[in-house]
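Each chain is listed here by its residues.
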2 protein chains.
Amino acid sequence: MKRTDYCGEVTEQQVGQEVVLKGWVQKRRDLGGLIFVDLRDRTGIVQVVFNPDFSGDAMEKADRLRSEFVVEISGKVCAREENQVNPNLATGRIEIQAGQVDIINESKTPPFVIQDATDTSEEIRLKYRYLDMRRPALYKTFKMRSDIMKTVRNFLADEGFLEVETPYLTKSTPEGARDYLVPSRVHEGEFYALPQSPQLFKQLLMVSGFDKYYQIVRCFRDEDLRADRQPEFTQIDMEMSFVGMEDIIALNEILMQKVMKDIKGIDMPIPFDRITYDEAMSRFGSDKPDVRFGLELKDISEIVKGSPFKVFSGAVSSGGQVKGINVKGAAADYSRKDIDALGEYAARYGAKGLAWLKVEEEGLKGPVAKFFEGETADGLVSALEAEPGDLLLFVADKRAVVADALGALRLKLGKERGLIDESRFAFIWVTDWPLFEYDEEDGRFYAAHHPFTMPVREDLPKLETEPQSVRAMAYDLVLNGFELGGGSLRIYERDIQEKMFSALGFTKEEANEQFGFLLDAFDYGTPPHGGIAFGLDRIVMLLSGAQSLRDVIAFPKTASASDLLVEAPSRVSGSQLEELGIKVLPENEPEVSDAEN
Amino acid sequence: MKRTDYCGEVTEQQVGQEVVLKGWVQKRRDLGGLIFVDLRDRTGIVQVVFNPDFSGDAMEKADRLRSEFVVEISGKVCAREENQVNPNLATGRIEIQAGQVDIINESKTPPFVIQDATDTSEEIRLKYRYLDMRRPALYKTFKMRSDIMKTVRNFLADEGFLEVETPYLTKSTPEGARDYLVPSRVHEGEFYALPQSPQLFKQLLMVSGFDKYYQIVRCFRDEDLRADRQPEFTQIDMEMSFVGMEDIIALNEILMQKVMKDIKGIDMPIPFDRITYDEAMSRFGSDKPDVRFGLELKDISEIVKGSPFKVFSGAVSSGGQVKGINVKGAAADYSRKDIDALGEYAARYGAKGLAWLKVEEEGLKGPVAKFFEGETADGLVSALEAEPGDLLLFVADKRAVVADALGALRLKLGKERGLIDESRFAFIWVTDWPLFEYDEEDGRFYAAHHPFTMPVREDLPKLETEPQSVRAMAYDLVLNGFELGGGSLRIYERDIQEKMFSALGFTKEEANEQFGFLLDAFDYGTPPHGGIAFGLDRIVMLLSGAQSLRDVIAFPKTASASDLLVEAPSRVSGSQLEELGIKVLPENEPEVSDAEN
């Protein structure tokens, strides 16, 4: 029979109607000669009752039902007695009086119970991902993911964007993260690379005059994985011609407003706040500040530069700085041991130590309090707006270390102290990025975003002389302390792009070998253009409240880049490799028994 | 200044208005002290006039303009004199009287002229793909492609389908075409494979209860390329639970109807015609028949089985067959030499010879006419509905060869003789497929669709004893002789899937190693499900009238799987390979000069 309704969508208005439902047995209970079955599909659960009075022959089959059996049930929708109503269930005011049941497929006892609250290990859940995804919370997440894509696509199509697919088998470029490579069979010894982003292709589409491009596209980075990274991830990618930064920002604010309205029912006011990179680093110790709470970093370098406390004055005199945060009213809550633990946490971010002071009625207390008296003490108290009961934490180090360590401490304490309104969505643009980052280990500059980012025009003369102070026409959108995405205006003139490659240490030959096609394209009438790319996985994670990217990707990889369900990666046959003209290095060959040799 | 309008969209209603346009110089002409510029963007062309009377200083800049320069022009919309109207241009009734022009970017003379009619080699066009795609015809194709995706997505979303992304880094499976492999750095010696289709993942989503899934997804096959193949191609992929074949067919007819309406403005009547695989092979010699014309294959085996012409009677007696087509009124048009050429064409499809007869008032003529007299001749004439002036062509061979050769001849002659109404779109479902194909070379059965296709229930007992006669619950949708897509109901019971693997020659161990996760999934309550996948590239090609898949893919690969634009595949560094634990076989190493050694 044809399904008439989804389980979770049967309503009181249907009382008296015959329905045909198909789904999974969530639970069976026997009670006083009756059999109750909770029937589940993607929309929810409905209660089915088997009763010898109206179920007849079906009683026998109902008795065979077990959890996760797939069944077809036909019956009549009935109102429940008032005292039987289940207010926790959308269908809680009705039940189905079963006339017939067909067992479509049976199920062994699953390795874990299909319910949202689970303490099953993630490893088991990933191995049986098809069961894990039966949990209603996961379905809801993927429904949300699908809905977000729909909102984004329709908005961009309405705005005149073309969806264009760019290649997945493309060229390896040494700049950026590590590439996934794909050996070529036709051109033995040569390799394709999976794209880290469609950056150059979308720029070439602008050279083609496509004007407005978008794609929701998979990207690949062979990096060591952290909690919030996956080898393959999805970007909402767009590019526009003949626009300035304000056009791109304005369009994307409307897009995000639409997503928040459609998906969360929230009216987000626009324009979003903006903050410069420098201010974000200075106030929050982060280029992706969570601005839902204060606990801001205060620079006290000037106050302590002459301090007898050498840790502070020494940091300042050697070009570093000293900053502090004021954990309001926390003095009594943190023992010396607790503060030591905070120090260890700060150490993970490079801090050599964490100085602290407690503010009491009588003044500053703590092991280093003796160094801060009189004017210096007053200065500290005033700079940190300290009152009795406050706990003050300080890091003295190079600027970057101070920002990292105090920024991380700020986030940790913000959560710990309940300072964050978790129901809030705080969007903020970070602007005025530096064009380059200097890598001390490699002794060279890297592109802070990517090598195709347009420098601020007035900074162009400094590209060769003073790269560290060149600003980029770049902007990141941050939500609740997570980078949702970043974009920039792009270089569209050959000479600027060549200077950029040169600043990054490319010889002319290297630049031509890797990016000659782009430089050539700039010779043939390239329009000014720019764009942005958002991490879809991150957006879904933040909007669904999921704890991990793995919860918002249907078939994710583990931290060691494995798919536990299909068991990938895996060994392949020697003949497959031979066709590709490659071999596995001997130390990676599987051990072979003598019998097989 | 902000762009106010696209070039191709300025209308007569705007006469008198000031506009700001941005685009490319298509052409500049100087005429009697005036300068005419055709300005182009993705929407089309508009004529801009520079005249010292109203252009002032801009005349000088206008004089510098060359083809493909990027410019910003502001000016006033004016009606053209009646005798200046260009009826071939959407904007042909107006022109822009330029006030200002800014040269945004210059252009070298492009390697070919940007216009639809081109005789530039495809190699040059692919190398400069960003210029090739400036041709209006290509932009139109990609706009159509984007529009088709939009129609499909919105229709499926409205029907309750979830867009779910499946992995691109997955597991190599030996069944099917050749995989593209991706070496793993973390698990050295192991490989991911790029998916040939998301078949198993979409089935697992059904096991998860997702109920309705779709994705427009890239697929990868490392096959030797033909004109209509690409290493990466795009599928419109969908899967549904608790449905039968009729549900899937009906839904997809509405989808195709919607696509034809939205994209081509054509009202396609549904339901589409259907034909069984056997009938298609018998009447058209093809499993993807072009039914826009007749020229059908007629079986004359019974008539000629006793013929003294041993080529015919021998074919029948050794289990083959003899079939003919009647090329109406063609007798006078085809010389002996022309017919020899047809014979050579048929030989490419395996035919050892092509017998022919011309029908004249006096009877059959031709070198083998002497074998066909009296009743046999009457039988032939009647079977082929032959009249004087007709040309009859025959192939006698094994069934498969007869179908291939005559099917190919039918298509060739259909085109040559102008029998095909090229404006027509003829959709037809091909049903009742065999489950297996027998490969004589390998001496084993292969899955005609894939190993997860549901056999017709009543044929299940023959799975082990008589696999060649087991029918599949499969259906292909064919448009104008091209397979648009194919689908099936899937196996959802472990024992049937195991029997299927066994019929394909898998040992139990092999089946478990490759597909254990799927067999396991069937143990935990798998719903009946089925789906279909369409080739998006093929659909765009047919609806846009493009001649090749390369014309509907933004950055396509050549027949040797190369990207001529970015030059992929390419050599990579030794350190990249070392990290992956692989090496290139010595014979594929690039030659290195002594100096570098």
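All values reported here derive from a predicted model rather than from experimental measurement.

A. Spotlight on the sheet that holds strand β5 (residues 94-105) of chain B. Residues and elements named next belong to chain B. What the five strands build is a closed barrel, ordered β1-β2-β3-β5-β4; its pairing is mixed. When strand polarity is set aside, the average angle formed by the axes of neighbouring strands in this sheet is 55 degrees. The pairing of strand β2 (residues 34-41) with strand β3 (residues 44-50) spans seven bridges and is antiparallel. Of the residues in β3, the one forming a bridge with L39 is V46.

B. Looking closely at the pairing of strand β21 (residues 482-489) of chain B. Residue and element names in this part refer to chain B. Most of β21 is tucked away: six of the eight residues are buried. The loop that links strand β20 (residues 474-479) with its antiparallel partner β21 comprises two residues; one of these, N480, has a positive phi angle of about 50 degrees. Strand direction decides the pairing type here: β21 and strand β22 (residues 529-535), joined by five bridges, are antiparallel. Its bridge partner lying in β22, G485 is registered against F534.

C. The nonpolar core, seen in detail. Ranked by internal contacts, the top residues of the largest apolar core, which has 228 residues, are A:L543 and B:L543. Contacts of A:L543, omitting those with residues within four sequence positions, involve A:M144, A:I148, A:V259, A:M260, A:I263, A:K264, A:F425 and A:L479.

D. Representation of the relation of the copies chain B and chain A. Taken as rigid bodies, chain B and chain A are interconverted by a rotation of 180 degrees and an axial shift of 0.0 Å, the fit giving an RMSD of 0.1 Å. The superposition operator between the copies reduces to a two-fold rotation axis. When the interface residues of chain B are mapped onto chain A, 99% of them again fall at the interface, so both copies present the same face.

E. Looking closely at the packing of aromatic side chains. Under the counting rule described, the total for this entry stands at 51 aromatic pairs over all chains. With centroids separated by 6.1 Å and ring planes inclined at 50 degrees, the aromatic side chains of B:F506 and B:F515 adopt a geometry described as tilted. Note on accessibility: B:F506 and B:F515 belong to one class, buried. Ring-pair connections join several aromatic residues into one group, and the members of that group are A:F309, A:F312, A:F371, A:F372 and A:F394. One residue, B:R444, lies across the ring of B:Y446, its end atom 3.8 Å from the ring centre.

F. Fine view of the packing of helix α5 (residues 136-158) of chain B against helix α7 (residues 245-264) of chain B. All names here are of chain B. At a minimum axis distance of 10 Å, the contact between α5 and α7 shows a crossing angle of 140 degrees. For the element pair α5 / α7, the angle class is oblique. In the packing of α5 onto α7, the handedness of the crossing is right-handed. Two secondary-structure elements touch here, α5 through M144, D147, I148, T151, V152, F155 and L156 and α7 through L251, I254, L255, K258, V259, D262, I263 and K264.

G. A look at the domain arrangement of chain A. Taken domain by domain, chain A holds domain 1 (12-105) and domain 2 (293-420). The C-alpha-based centres of domain 1 of chain A and domain 2 of chain A are spaced at 62 Å.

H. Molecular detail of the interface of chain B and chain A. Across the boundary between the two partners, chain B contributes 123 residues, which contact 122 residues of chain A. Summed over both partners, the interface of chain B with chain A comes to about 10,900 Å²; 57% of that surface belongs to carbon and sulfur atoms. Three residues, B:E165, B:F242 and B:Y524, lead the burial of chain B against chain A; their summed loss comes to 8% of the area buried on that side. Our enumeration of links across chain B and chain A arrives at 18 salt bridges. For the pair chain B and chain A, the interface holds 70 residue pairs in polar contact (both at pLDDT 80 or more). The element best represented in the side of chain B that touches chain A is α5(B), accounting for eleven residues.

I. Region of the structure containing the pattern of salt bridges. All names here are of chain A. Tallied over the entire structure, the rule returns 101 salt bridges over all chains. Close ionic contact of R229 with E223 constitutes a salt bridge, the shortest N to O distance being 3.1 Å. For R229, a relative accessible area of 29% translates into the label partly exposed. Of the charged contacts, one joins E246 and R274 as a salt bridge, the two residues approaching to 2.6 Å between their closest N and O atoms. Of this pair, E246 sits in helix α7 (residues 245-264) while R274 sits in strand β11 (residues 273-276), and the two are 28 residues apart along the sequence.

J. Structural detail: the UniProt feature "binding site: L-aspartate" (unreviewed entry) in chain A. Residue and element names in this part refer to chain A. Residues annotated in UniProt with the feature "binding site: L-aspartate" (unreviewed entry) correspond here to E175, R221, H449 and R490. Inspection of the secondary structure puts R221 in the loop between β9 (212-220) and β10 (232-241). Assessed through its relative accessible area of 27%, R221 is described here as partly exposed. Among all residues touching R221, those that are not within four sequence positions of it are A177, R178, Y180, Q196, P231, F233 and Q235. Mapped onto the secondary structure, H449 falls in the loop between β19 (444-447) and α14 (462-465). You can call H449 partly exposed: its relative accessible area is 27%. The contacts of H449, once residues within four sequence positions are left out, are W433, L435, A474 and D476.

K. Quick peek at helix α17 (residues 536-544) of chain A. Residue and element names in this part refer to chain A. Burial runs high along α17: eight of the nine residues are buried. Along α17, the residues that are buried comprise L536, D537, R538, I539, V540, M541, L542 and L543. One or two steps after α17, the chain reaches G545, where phi turns positive at roughly 75 degrees.

Cut-off values and rules
Each residue is numbered by its place in its chain's sequence as written, counting from 1. Chains and ligands are labelled by the order in which they are written, letters from A for the one and numbers from 1 for the other. Reporting of local features is limited, given that this is a predicted model, to residues whose pLDDT is at least 70; pairs of side-chain atoms are given and counted only at 80 or more, and all residues count toward the totals for whole chains, interfaces and linings. Hydrogens and water are ignored here; the side-chain numbers use all heavy atoms of the structure. Pairing between strands is defined by DSSP: at least two bridges between them are needed. Secondary structure elements follow DSSP: runs of H or I of four or more residues count as helices, runs of E of two or more count as strands, with numbering from the N terminus. Every axis in this analysis is a line fitted to C-alpha atoms, fitted for helices over the stretch in contact. Angles between the N-to-C directions lie between 0 and 180 degrees. Only protein chains enter the calculation, and the probe is 1.4 Å; a residue is then buried if its accessible area is under 20% of its type maximum, exposed if over 50%, and partly exposed in between. Here, nonpolar core refers to any group of buried Ala, Val, Leu, Ile, Met, Phe, Trp, Tyr and Cys residues whose side-chain atoms link them within 4.5 Å. We call two residues contacting when some pair of their heavy atoms lies within 4.5 Å. Here the copies are superposed with least squares, the fitted atoms being C-alpha atoms of residues at a pLDDT of at least 70 in both. Aromatic contacts are taken between Phe, Tyr and Trp rings whose centres are within 6.5 Å, Trp giving its six-membered ring; a plane angle under 30 degrees counts as stacked, one over 60 as edge-to-face, and the others as tilted. For a lysine, the NZ atom is tested; for an arginine, the CZ atom; a charge sits over a ring if that atom is within 6 Å of the ring centre and within 35 degrees of the ring normal. The labels follow the angle: roughly parallel below 35 degrees, roughly antiparallel above 145, roughly perpendicular from 65 to 115, and oblique for the rest. Helix crossings get a hand from a simple test, with the near helix turned counterclockwise from the far one by less than a right angle marking a left-handed crossing and a clockwise turn marking a right-handed one. Delimitation of the domains relies on an automatic or database domain assignment. Once two parts are joined, some of their accessible surface, as seen by a 1.4 Å probe, is lost; buried area is that loss totalled over both. Salt bridges, as used here, are contacts in which a Lys or Arg side-chain nitrogen is within 4 Å of a carboxyl oxygen on Asp or Glu. Polar contacts, as counted here, are pairs of nitrogen or oxygen atoms within 3.5 Å of one another; within protein the pair requires one atom able to donate a hydrogen and one able to accept it, and residues that are adjacent in sequence qualify only if both atoms are side-chain atoms. UniProt positions are given in the numbering used here, feature names are shortened, and annotations may be inferred rather than shown by experiment.

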